[in-house]
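# Working through the structure, step by step
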Amino acid sequence: LMIMIVILVAGAAAALVGALSTSALQSARQERTSAALAQARDALLGRAVSDDNMPGSLPCPDTDDDGSAELLSGNDCPSYIGRLPWRTLKLPDLRDGNAERLWYALSPAFRDDDSAQPLNSNTMGTLLVYGADGVTLQTETGYSAVAVLFSPGSAIGSQARSTTAE
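Predicted model, so just to flag it, every value in this text is computed and none were measured. (Residues numbered from 1 in each chain as written. Predicted model: local features only at pLDDT ≥ 70, side-chain atom pairs only at ≥ 80, totals over all residues. Heavy atoms only, no water.)

For R101, the position within the fold is in the loop between β1 (81-83) and β2 (103-106). Reaching out from R101, the side chain makes a polar contact with the side chain of D65 at a distance of 2.9 Å. Within the structure, the side chain of R101 is placed 2.8 Å from the side chain of D93, a separation counted as a polar contact. Those residues within four positions of R101 in sequence are excluded, and the remaining contacts are D65, R83, W86, D93, L94, R95 and P152. (Helix = DSSP H or I, 4+ residues; strand = E, 2+ residues; numbered from the N terminus. Polar contact = N/O pair within 3.5 Å; in protein donor to acceptor, adjacent residues only side chain to side chain. Contact = heavy atoms within 4.5 Å.)

Below, the discussion takes up the state of the cysteines. Counted by the stated rule, this structure contains one disulfide. What pairs with C60 in a disulfide is C77, and their sulfur atoms sit 2.0 Å apart. Sign of the S-S torsion, about -80° for the bond between C60 and C77, identifies this disulfide as left-handed. Highlighted residues: C60 in the loop between α1 (2-50) and β1 and C77 in the loop between α1 and β1, separated in sequence by 17 residues. A single burial state applies to C60 and to C77, both of which are buried. (Disulfide = S-S within 2.5 Å. Buried < 20%, exposed > 50% of the residue type's maximum accessible area, 1.4 Å probe, protein only.)

On β2, burial covers both faces: W103 and A105 on one face and Y104 and L106 on the other are all buried. Examined bridge by bridge, β1 and β2 share three bridges and lie antiparallel to one another. Bridge pairing in β2 links R83 to W103. As paired strands, β2 and strand β3 (residues 147-150) are joined by four bridges and run antiparallel to one another. Bridge pairing in β3 places W103 opposite F150. (Pairing = 2+ DSSP bridges.)

Quick look at the structure:
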């Protein structure tokens, strides 16, 4: 009877320690993701404010995963969604808590191109962001966003994360 009690207590302790370490790991991942997103946000804001040629503009997303913003194709970005161009923004290789690179979406009017309309306080973004409940999240200036940074988390099953349309 004493041996069974010791085995039961040891099993309960192991389960408790396992649950606590899983929780701590999840918390550490969330903290790393939050820090990476904050650093990326600050770099994008700094880039938009300090651009002497077209203040407020942002670089095209990175579609070949080399860290550099893609060059314009004509007067447009090759894609308005892709990975964060961390090299272009002079950042370290930012990754979320699952070791995935951050993603970035850009409103076309805010591309860094002289052919784009001048940017001012009336220029609206075109990106809508929906919450988990399907409701559009309101930004400070309304319902549209200029750019969106997001963390993809780990890939699920055989999920492919190519930035090129297939």
